[in-house]
Amino acid sequence: DAGVTQSPTHLIKTRGQQVTLRCSPKSGHDTVSWYQQALGQGPQFIFQYYEEEERQRGNFPDRFSGHQFPNYSSELNVNALLLGDSALYLCASSSVWGNEKLFFGSGTQLSVL
Amino acid sequence: LAKTTQPISMDSYEGQEVNITCSHNNIATNDYITWYQQFPSQGPRFIIQGYKTKVTNEVASLFIPADRKSSTLSLPRVSLSDTAVYYCLALTPMNYGGSQGNLIFGKGTKLSVKP
């Protein structure tokens, strides 16, 4: 049973570019949450998707957007990249019927030059 | 802001028991205490969760006193592979208005286990 998978594992972009990160949730999970983790900090909540809709959003600008597909997989898009967007981006999945425990992927390390 | 406070770092030696204390003076009545472990270049991993008294699983024990203003994660006989960052979170259940996916992480406690 595969856990949460994210792709790519590493990515290098330049300022102003756009990036798309992908996440496949754990089997049986229907909810996907995205987090940004800067070096030395704890993960910060970006947003959550359930039933293909954004259900909750953290304190992130509109440059950060997402999507959830009918198979529950999800994408995180970041437009007009800034140097400060360099971070580890984590995807976490859960089941709305579950016990609220989150399962995290290994993340995508994004470097903006 | 995180609802919890914990030490920035701790050092230990292999075979010792490690206790990491978390302060949550203003925890809500319905909040659970949840701990996650994170290794470098990996996502956090759920360790243990409790409401009060003591909870034990195959990885750790969690002690929460009656006033619930603090809690202690206990790792028995640590090994080098327990070197990681440990996060203490106060989690509001969904049926009390919480969000399943919106966890508020602080900076965590960086545990270093030495040989």
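Quick caveat, the model's predicted, so the values are computed rather than measured.

1. Description of the state of the cysteines
- Counted according to the given criterion, the structure contains two disulfides over all chains.
- Each sulfur in the disulfide pair Cys23 of chain A and Cys91 of chain A lies 1.8 Å from the other. Judged by the sign of its S-S torsion, about -60 degrees, the bond between Cys23 of chain A and Cys91 of chain A is left-handed. A residue pair is termed long-range when its members are at least 10 positions apart, and Cys23 of chain A in strand β3 (residues 19-24) and Cys91 of chain A in strand β9 (residues 87-94) qualify at 68 residues.
- Relative accessible area serves as the criterion here: at 0%, Cys91 of chain A is assigned to the buried category.
- Between the sulfur atoms of Cys22 of chain B and its disulfide partner Cys88 of chain B the distance amounts to 2.1 Å. Because the torsion about its S-S bond is -85 degrees, the bridge between Cys22 of chain B and Cys88 of chain B counts as left-handed. With Cys22 of chain B in strand β2 (residues 18-23) and Cys88 of chain B in strand β8 (residues 84-91), this pair connects stretches of sequence that are 66 residues apart. Of the two residues examined, Cys22 of chain B and Cys88 of chain B, each falls in the buried class.

Here is what the cut-offs are and how they apply
- Residues numbered from 1 in each chain as written.
- Chains lettered and ligands numbered in written order.
- Predicted model: local features only at pLDDT ≥ 70, side-chain atom pairs only at ≥ 80, totals over all residues.
- Heavy atoms only, no water.
- Disulfide = S-S within 2.5 Å.
- Helix = DSSP H or I, 4+ residues; strand = E, 2+ residues; numbered from the N terminus.
- Buried < 20%, exposed > 50% of the residue type's maximum accessible area, 1.4 Å probe, protein only.

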